[in-house]
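As a plain string of letters, each chain reads:
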Amino acid sequence: NLSYKIILDCIATEMDKPKPSVIISPGLAKAALYIEKIRAFLTGTSPRISSKSLEIAFENLSYSNQKILEIPGVKFLSVQESISDTIKAYMIRNS
């Protein structure tokens with residue numbers, strides 16, 4: 001299991017962009033949520049941030065792929081390979 005930071009750093013490296021450097025605390029995120037709700041109310045649009053998305057952003061989630069790996073012939077790409085392949089496809093499609 002990898003943290004969001006490791007995955008976002010990997011994406012930034014593959015895209016030849018600077019790695020994320022700002023750490024968002026739960027309090028700052030909650031303040032942003034309230035500001036976003038006010039913005040959405042004033043503009044008549046839907047909020048871009050939800051309470052649930054903030055809750056998920058600060059959870060530590062772990063998953064196991066052990067059961068699927070027991071099936072003969074099932075193999076996964078590494079996260080690094082998956083990100084690399086996805087970024088390459090994205091760059092080709094959007095160039």
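Residues numbered from 1 in each chain as written. Predicted model: local features only at pLDDT ≥ 70, side-chain atom pairs only at ≥ 80, totals over all residues. Heavy atoms only, no water.

**Some details on a nonpolar patch on the surface**
Phase 1: Together, Y4, L8, I56, L61 and Y63 give the surface a local cluster of nonpolar side chains, amounting to about 530 Å² of exposed area.
Phase 2: Within the secondary structure layout, L8 lies in helix α1 (residues 4–14).
Phase 3: Its relative accessible area of 43% is what places L8 among the partly exposed residues. (Patch = residues over 30% accessible without salt bridge, like charges linked within 9 Å, V, L, I, M, F, W, Y side chains within 5 Å. Areas by Shrake-Rupley, 256 points an atom, 1.4 Å probe, with all protein chains shown as cover. Salt bridge = Lys/Arg side-chain N within 4 Å of Asp/Glu carboxyl O. Helix = DSSP H or I, 4+ residues; strand = E, 2+ residues; numbered from the N terminus. Buried < 20%, exposed > 50% of the residue type's maximum accessible area, 1.4 Å probe, protein only.)

**A word on the layout of surface pockets**
Phase 1: One number sums up the size of the largest pocket: a volume of about 1000 Å³.
Phase 2: The wall of the largest pocket is formed by 30 residues, among which L2, S3, Y4, K5 and L8 lie closest to the centre.
Phase 3: A breakdown of the residues in the lining of the largest pocket according to their chemical character gives 19 nonpolar, 8 polar and 3 charged. (1 Å grid on protein atoms, 1.4 Å probe; cavity = no way out; pocket = protein on both sides within 12 Å on 5 of 7 lines; lining within 4 Å. Points joined across faces, edges and corners; volume = space filled by probe spheres on them. Nonpolar A, V, L, I, M, F, W, Y, C, P; charged D, E, K, R; others polar.)

**Things to note about the environment of I7**
Phase 1: As for its placement among the helices and strands, I7 is situated in helix α1.
Phase 2: We classify I7 as partly exposed; its relative accessible area is 29%.
Phase 3: Taking the C-alpha atoms as reference points, I7 and K37, separated by 30 residues in sequence, lie 28 Å from one another.
Phase 4: Setting aside residues up to four positions removed in sequence, I7 forms contacts with L2 and I83. (Contact = heavy atoms within 4.5 Å.)

**Brief notes about the confidence of the model for the protein chain**
Phase 1: For the protein chain, per-residue confidence averages 92 on the pLDDT scale, and 100% of positions sit at 70 or higher.
Phase 2: Looking at the elements of the protein chain, mean pLDDT is at its lowest for helix α4 (residues 66–69), recorded as 88, and at its highest for helix α2 (residues 26–43), recorded as 95. (pLDDT = per-residue confidence, 0-100.)

**Observations regarding the pattern of salt bridges**
Phase 1: Applying the stated rule across the entire model yields 3 salt bridges.
Phase 2: We note a salt bridge from R39 to E36, for which the minimum N-O separation is 2.6 Å. Here R39 pairs with E36, and both are found in helix α2, just 3 residues apart, close to one helical turn.
Phase 3: With relative accessibility at 23%, the residue R39 sits in the partly exposed group.
Phase 4: Linking E55 and K52 is a salt bridge whose minimum nitrogen-to-oxygen distance equals 3.3 Å. You can see E55 and its partner K52 sitting in helix α3 (residues 51–57), 3 residues apart, about one turn around the helix.
Phase 5: Residue classification places K52 among the partly exposed residues on the basis of a relative accessible area of 48%.

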